Structures are given as structure tokens and as C-alpha cells.
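Chain residues, written in single-letter form:
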Amino acid sequence: MLNDINRHAEDQRSLPEMRSDLIAMATHEFKTPITAISSSIELLETKMQRDELMLPFYERNLSRIKEEIGILSNMVDDILATGSMVAGNQVAQPEETDLPVFATMIRQQYFSRRTDQRQLRIRIYGRPRTILIDRSHLAGILTNLIGNAFKYSSGNPLLSIHYRKNNLCIKVKDNGIGIPEADIRFLFTPYFRAANARSKEGTGLGLAIVKSYVAANNGHITVNSDTTGSLFIVTFNY
């Protein structure tokens, strides 16, 4: 009888792990067709440009398809990252990184071909030097914060990198709708959406993932917000 009870308890404890594994497997399967569709769109776009067939109508709609694929891909990445976060697998693998170069690469890869022509501004303060950080985590931090800055504002977001004596500070500022004061304390909770953001696409996982990435690299994150916009501040101590 006691053995049956212990076996049942072990089965119950394994259910969250089984669910996490199932979600990870399913989302990995989604990544394959998403990548294939994205590659096909890139090939089609290149071929049409080469053959001088890229009329404004086709260019506009191909850009829209690529944006939607990006949104879907980001949602899948968020679900995968959340599974790792819940399972406690968020372990950093730091590498020496030139942050301004890395940030420029992120801008070029994710934010350089927007249909609304808006651009990410990057400013550097202090004497640049390499830092030790997990690059995949850093990419997740930057793409989520910058993506939100574009999503919830109409201007050009600002990424500023501040090299200080004892720490490195990354700031992402926008001139958007701001965050209601009552919602700020819940902002990094998984699936939470601020009251004025629920009409926008998203899973409510991005900022929770950002916080877990920041913590895994021994940093901390804060936010200041009012009706003129939001400022996210990520600090890593040397």
C-alpha cells in the first residue's frame, strides 16, 4: 500500500515535467515549418527583385507576411524559453561580448526593415569594453525590450549603453503609451498584460523571460513609466 502511494506521488511530481517536455517538443516542431516558410519568402523576394517583378503591391504584402512570421516565431521562442524558466534550466554560458557590435547586429537582423520606416537609435556612453554574458540571453533581452518599445510607441526607440566604473547599464526608452502605475508591480509576471496593452498582439511572457535572463547573468532590471513613455534599465555588475 505504501509503495503504491509513493509511486502515485512520484507520478504526480512528474506531471509538470511531462507537460514541459510536451510543450517543448511541440514548439520545436513548429519551428521547422516556420523556418521553411521564412526561407521560401526570402528566396521568392530575391527572385522577384532579380527579375524586376517586385511591384509595390508584392513588396508590401511580402513585408507583411515576413512581419507576421516574425511575430509567430517570437511567440514560439517565448513558449520555449518559458519552459526552460519553469524547469529551472536557465543557466548562463557567458562569453566575452562587444556589446555595441552585438546591439548593432540585433538592430540589423531584427529591426532594420520595418514597413513604417522607424529606426532604433543606439548611443554609447563611457569607455567601451568587452563583458562576459550569455549571448543567447542577451539577444532575448534586447529583442524583447526593443520590440516592445516599437510595439507600444510611434517614435524611434532609444537603446543607450552606459559603461560605468563598477557596472554596465543598458537602457531602452520609448515615447509610447506608458504603463499604468497599478500594473507596474505585476509587469514581470508570466502571462500578465497591462490594462492598456491587451489590444496588442503578444503572449504576456516576454518581460518574465527578460527578467529570468537578466537574473541568470547576475543582473537586475527596473522600469520607470508615465504617460510620456517607458524606460527599462538593465544593470550588470562587473
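Read on for a plain summary of the structure. Keep in mind that this is a model prediction, so the values were computed, not measured.

Each value, and the rule that gives it
- Residues numbered from 1 in each chain as written.
- Predicted model: local features only at pLDDT ≥ 70, side-chain atom pairs only at ≥ 80, totals over all residues.
- Heavy atoms only, no water.
- Phe/Tyr/Trp six-rings, centres within 6.5 Å; stacked < 30°, edge-to-face > 60°.
- Salt bridge = Lys/Arg side-chain N within 4 Å of Asp/Glu carboxyl O.
- Helix = DSSP H or I, 4+ residues; strand = E, 2+ residues; numbered from the N terminus.
- Expected span 1.5 Å × (residues − 1).
- Buried < 20%, exposed > 50% of the residue type's maximum accessible area, 1.4 Å probe, protein only.
- Patch = residues over 30% accessible without salt bridge, like charges linked within 9 Å, V, L, I, M, F, W, Y side chains within 5 Å.
- Areas by Shrake-Rupley, 256 points an atom, 1.4 Å probe, with all protein chains shown as cover.

**Considerations on the packing of aromatic side chains**
Two aromatic rings are characterised by how far apart their centres lie and by the angle between their planes.
Next up, step 1: Applying the stated criterion across every chain, the model contains four aromatic pairs.
Next up, step 2: Between Phe186 and Phe192, the ring centres sit 5.7 Å apart and the planes meet at 45 degrees, which makes this aromatic pair tilted.
Next up, step 3: The rings of Tyr110, Phe111 and Phe150 are connected pair by pair, giving a single aromatic cluster.

**Section: the pattern of salt bridges**
Next up, step 1: According to the stated counting rule, one finds seven salt bridges in the structure shown.
Next up, step 2: Beyond isolated ion pairs, a larger network of salt bridges with shared partners links Glu42, Glu45 and Lys66.

**Here's the deal with helix α4 (residues 135-151)**
Next up, step 1: The end-to-end C-alpha distance of α4 is 24 Å, a good match for the 24 Å that 17 residues give at a rise of 1.5 Å each.
Next up, step 2: Summarising burial for α4: twelve of the 17 residues are buried, a large majority.

**Quick notes on helix α5 (residues 206-216)**
Next up, step 1: With respect to burial, α5 is a largely interior element, eight of its eleven residues being buried.
Next up, step 2: All of the buried residues in α5 are Gly206, Leu207, Ala208, Ile209, Val210, Ser212, Tyr213 and Val214.
Next up, step 3: In the segment just after α5, Asn218 is the residue with positive phi, at about 60 degrees.

**Thoughts on a nonpolar patch on the surface**
Next up, step 1: On the surface, Leu55, Phe57 and Tyr58 cluster together into a nonpolar patch covering about 320 Å² of accessible area.
Next up, step 2: Position of Tyr58 among the secondary structure elements: in helix α2 (residues 56-87).
Next up, step 3: A relative accessible area of 37% means that Tyr58 is categorised as partly exposed.

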